[in-house]
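One letter stands for each residue in the lines below.
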Amino acid sequence: MNLYARRKLINNFNMTISVITTALGVIFLAWILIVLVVKGVGAINWSLFTEMTPPPGSAGGLANALVGSLLITFAAVIIGTPIGVMAGTYLAEYGEKSFFAESVRMINDILLSAPSIIIGVFVYGLMVLPMGHFSGWAGSVALAIIVIPVVLSTTENMLRLVPTQMREAAAALGAPRWLVISNIVYKAAITGMVTGVILAVARITGETAPLLFTALNNQFWSTNMNDSMANLPVVIFQFAMSPYDDWRELAWAAALLITTLVLGMNILTRVLMRSSGKA
Amino acid sequence: MSSTRASTLDDANNASPINRSKLSFALGDVAFKYSALFFALVVLAIVVGIFVMLVVQSMPAWQAFGAGFITGDVWDPVREQYGAWPSLIGTLVAAAIAMLIGLPVSFGIAIFISELAPEWLKRPIGTAVELLAAVPSIIYGMWGLFFFAPFFAAYIQPGLVAVLGPLPLFGTLFQMPSLGGSSGVSVMTAGIVLAIMTIPFMASVMRDVFQIVPESLKESAYAVGATQWEVVWNVVLPYTKTGVMGGVMLGLGRAVGETMAVTFIIGNASKLGTSLLEPGSTIAAKLANEFNEADGLQMDSLVAMGLILFVITFIFLVLSKLMLMSLAASQEGMKT
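All residue numbers refer to position in the chain's written sequence, counted from 1. Chains and ligands are labelled by the order in which they are written, letters from A for the one and numbers from 1 for the other. Thresholds applied to this predicted model are a pLDDT of at least 70 for local features of residues and 80 or more for the giving and counting of side-chain atom pairs; totals over whole chains, interfaces and linings are not thresholded and use all residues. Values reported for side chains reflect all heavy atoms of the structure, with hydrogen atoms and water molecules removed beforehand.

**Considerations on the interface of chain B and chain A**
Where interface size is given, it is often the accessible area lost as the parts come together that is meant. Two residues qualify as a contact provided that any one of their heavy atoms is within 4.5 Å of a heavy atom in the partner residue. Contacts between the two partners involve 76 residues from chain B and, on the opposite side, 79 residues from chain A. Interface area for chain B against chain A, summed over the two sides, is near 7,100 Å², with a carbon-plus-sulfur share of 82%. By convention in these notes, a salt bridge is any Lys or Arg side-chain nitrogen within 4 Å of a carboxyl oxygen on Asp or Glu. For the pair chain B and chain A, the interface holds three salt bridges. For A:Arg7, the salt bridge identified is with B:Glu230, shortest N-O distance 2.7 Å. Within 3.5 Å is the distance limit for a polar contact, defined as a pair of N or O atoms, with the added protein rule that one can donate a hydrogen and the other accept it, and that residues adjacent in sequence qualify only through two side-chain atoms. At the boundary of chain B with chain A, the tally comes to 11 residue pairs in polar contact (both at pLDDT 80 or more). For the side of chain B that touches chain A, the secondary-structure elements that each account for two or more residues are α2 (16-65), α4 (85-116), α5 (119-134), α6 (137-164), α9 (228-257), α10 (260-265), α11 (283-290) and α12 (296-335) of chain B. We call Asp, Glu, Lys and Arg charged. Ala, Val, Leu, Ile, Met, Phe, Trp, Tyr, Cys and Pro are nonpolar, and the rest, Gly among them, are polar. A class-by-class count of the residues in the side of chain B that touches chain A yields 53 nonpolar, 16 polar and seven charged. Note: buried area is the sum, over both parts, of the accessible area (probe 1.4 Å) each one loses when the two are combined. Runs of E in the DSSP output that reach at least two residues are strands. Runs of H or I that reach at least four are helices, and both are numbered from the N terminus.

**Quick notes on the nonpolar core**
Among the nonpolar cores identified, the biggest contains 192 residues, and A:Ile117, A:Val123, B:Ile50, B:Phe69, B:Tyr140, B:Met188 and B:Phe291 are the most heavily contacted of them. Every residue in contact with B:Tyr140, bar those within four places of it in the chain, is listed here: A:Ile32, B:Leu132, B:Val135, B:Val193, B:Ile196, B:Met197, B:Ala261 and B:Ile265. What makes a nonpolar core is a set of buried Ala, Val, Leu, Ile, Met, Phe, Trp, Tyr and Cys residues whose side-chain atoms join them at distances within 4.5 Å. Each residue's exposure class comes from its accessible area (1.4 Å probe, protein chains only) as a fraction of the maximum for that residue type: buried when under 20%, exposed when over 50%, partly exposed otherwise.

**Quick look at the pattern of salt bridges**
All told, the structure shown has 14 salt bridges over all chains when counted by the stated rule. With a closest N to O distance of 2.8 Å, B:Glu130 and A:Arg270 form a salt bridge. Here B:Glu130, found in helix α5, pairs with A:Arg270, found in helix α11 (residues 245-278), and the two come from separate chains. For A:Arg270, a relative accessible area of 24% puts it in the partly exposed group. Of the charged contacts in the structure, one is a salt bridge between B:Lys286 and B:Glu290, with a shortest N-O distance of 3.2 Å.

**Observations regarding unusual backbone geometry**
With phi around 60 degrees, B:Glu80 is a residue other than glycine that occupies positive phi space. Looking at the secondary structure, you find B:Glu80 in the loop between β1 (75-76) and β2 (81-82).

**A few points about the domain arrangement of chain B**
All names here are of chain B. Boundary definitions for the domains trace back to an automatic or database domain assignment. For chain B, the domain assignment lists domain 1 (1-65) and domain 2 (69-335). Facing 11 residues of domain 1, the contacting portion of domain 2 comprises 14 residues. Summed over both partners, the interface of domain 1 with domain 2 buries about 1,100 Å², with 83% contributed by carbon and sulfur atoms. Of all residues in domain 1, the largest losses of buried area upon contact with domain 2 belong to Leu-54, Trp-62 and Phe-65, amounting jointly to 54% of the total for that side. Taken together, domain 1 and domain 2 are joined by zero salt bridges. One can count zero residue pairs in polar contact (both at pLDDT 80 or more) joining domain 1 with domain 2. Residue composition of the side of domain 1 that touches domain 2, grouped by class: nine nonpolar, two polar and no charged.

**Thoughts on the side chain of A:Thr21**
Mapping A:Thr21 onto the fold places it in helix α1 (residues 3-41). Look at A:Thr21 and you get buried, because its relative accessible area is 8%. Of note is the side chain of A:Thr21, whose polar atom sits 2.7 Å from the backbone oxygen of A:Ser18. Not counting the four nearest positions on each side in its chain, A:Thr21 is found in contact with B:Val105, B:Gly108 and B:Ile109.

**With respect to a nonpolar patch on the surface**
All names here are of chain B. Taken together, the side chains of Phe-51, Val-311, Phe-314, Ile-315, Leu-319, Leu-322 and Met-325 make up a nonpolar region of the molecular surface, amounting to roughly 610 Å² of accessible area. Top element by residues in the nonpolar patch is α12. It accounts for six residues. Mapped onto the elements, Leu-322 comes out in helix α12. Since its relative accessible area comes to 48%, Leu-322 is described here as partly exposed. For patch building, the residue pool is restricted to those with more than 30% relative accessible area and no salt bridge; the joining distance is 9 Å between like charges and 5 Å between nonpolar side chains (Val, Leu, Ile, Met, Phe, Trp, Tyr). Where accessible areas are quoted, they stem from the Shrake-Rupley method and a 1.4 Å probe; at the residue level, only the protein chains shown are allowed to cover.

**Quick notes on the domain arrangement of chain A**
Residue and element names in this part refer to chain A. Split by domain assignment, chain A resolves into domain 1 (3-43) and domain 2 (46-278). Computed over C-alpha atoms only, the centres of domain 1 and domain 2 are separated by 32 Å. Counting from both sides, the interface comprises eight residues of domain 1 and, opposite them, eight residues of domain 2. Between domain 1 and domain 2, the buried area comes to about 670 Å², and carbon and sulfur atoms account for 85% of it. Per-residue buried area on domain 1 facing domain 2 is highest for Leu-36, Lys-39 and Ala-43; these three make up 66% of the total on that side. Remark: the boundary between domain 1 and domain 2 carries zero salt bridges. Across the domain 1-domain 2 interface, the total number found is zero residue pairs in polar contact (both at pLDDT 80 or more). Of the residues assigned to the side of domain 1 that touches domain 2, the class counts are six nonpolar, one polar and one charged.

Here's what the structure looks like:
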């Protein structure tokens, strides 16, 4: 075999492997989604939304977990978004390349990559131990800590995309800096900033580990954020690991719900970003 | 401005509306700037708070076992004897398996997306890979426990044992476990599922850094007759190797800290097995399983393991930052 044929052979072999690996990735995604749909669709019915999580061995729904998840997530976004937006504003508009701003960026990356279970341990020590009981608020704070770095970095990136001329034009009309930022820069960057918040919601929707030590679970209907609270991820964890068929079926239904929501939000952010890119 | 001035002319010695609005503008500026600064400090405080909390809460464990806590291989709540070694090694081994599988696969995917795929296929494949990254980890856990692990035990495990088991030294890693071999719950399956979870992250970082290679560099290589593979291996990869390593470190950080998927699949054994096909444990899985039922020294020891985990992910993050930064720096150098 001459050199030329050998090189062609190596090339074809490696490129074939490249195609196979991509096919593998797509196959695994398809496998997971098909399993979810097959196992989940059968378990989805109206009582899922009207009945409470059942004791072992009987049928029931996920109503309390759905409401709990909704409340905890909503509070987490309300707590985390302003912090992320303001801190991101500081980095993009005031801090820029100063040493302090660079350190905050570094710290933010640490927070972004910190294992979520560590955040659970932190909030357990911060809130659950001093208060003496698990609570929905503790769960919200834990999730808010995951929201902050996501919102912060998208806010900063989006604000940096706003042309400096717009700021200068507004400043030339006599607008003070805070009005320039809040009335001009935010308005120009709003799509990107909303995208960041949706991405953050998508990320915390399926987060289980930080809720295990904070909100825990509650078998009953509860809208009291000051007490332990049912939520979808922890229900999935407990029900899927259990030996009871009814529970496992509910776990699959909840898994399908969560995945649909998360993937839907991810696709929505793509559409938003693409449409704002064209505008 | 001029209209404001005209309206206040009637009341000539009363210029206060302008002054007042100037004052409120200035106050607003100060208030806005410092509240932005305050929230930036909050971010700082959270991370410092996490570290301090972990150190303070784990103090009793460090006092009881000293540095030997890291290498202690007994985890026995009855005798109040705790050591991090089995979980620490489980964490590192599962992550290593994830990287051994995930690195070549994500490299292949990145090559496919950036070099091979026709234009119309690039976006859908890229999107599919990124959606794989968005699936919550607990879903990977359920799928892994109920579908992948049994599949692995039935079709892949016997092959691994038959082919790799008889090898000297290396073979001990692939002995059929004495118990629970049929469920497929093991360090190996956890590592494979971790690989599937980290591939999207590594593949998209690699794709992004591959795209910064100047077209003219690649075209010159093609012009002298290089094959696609030779362009990737000899032009693209040397140009981007620090970026690729940065992506790998990012994936490694995720693999080490991943909790829910691993908790489902690894089997949560407290002892360190010799075979990869036996159940094991990782720090994150140990925390998820025992934290809520623990108190006293067991709780402190769990937090101490959390501290170790935090430090490990911190190291991986810093390494990945340094590598991505040196890639950016070398790019700056090439431009000038």
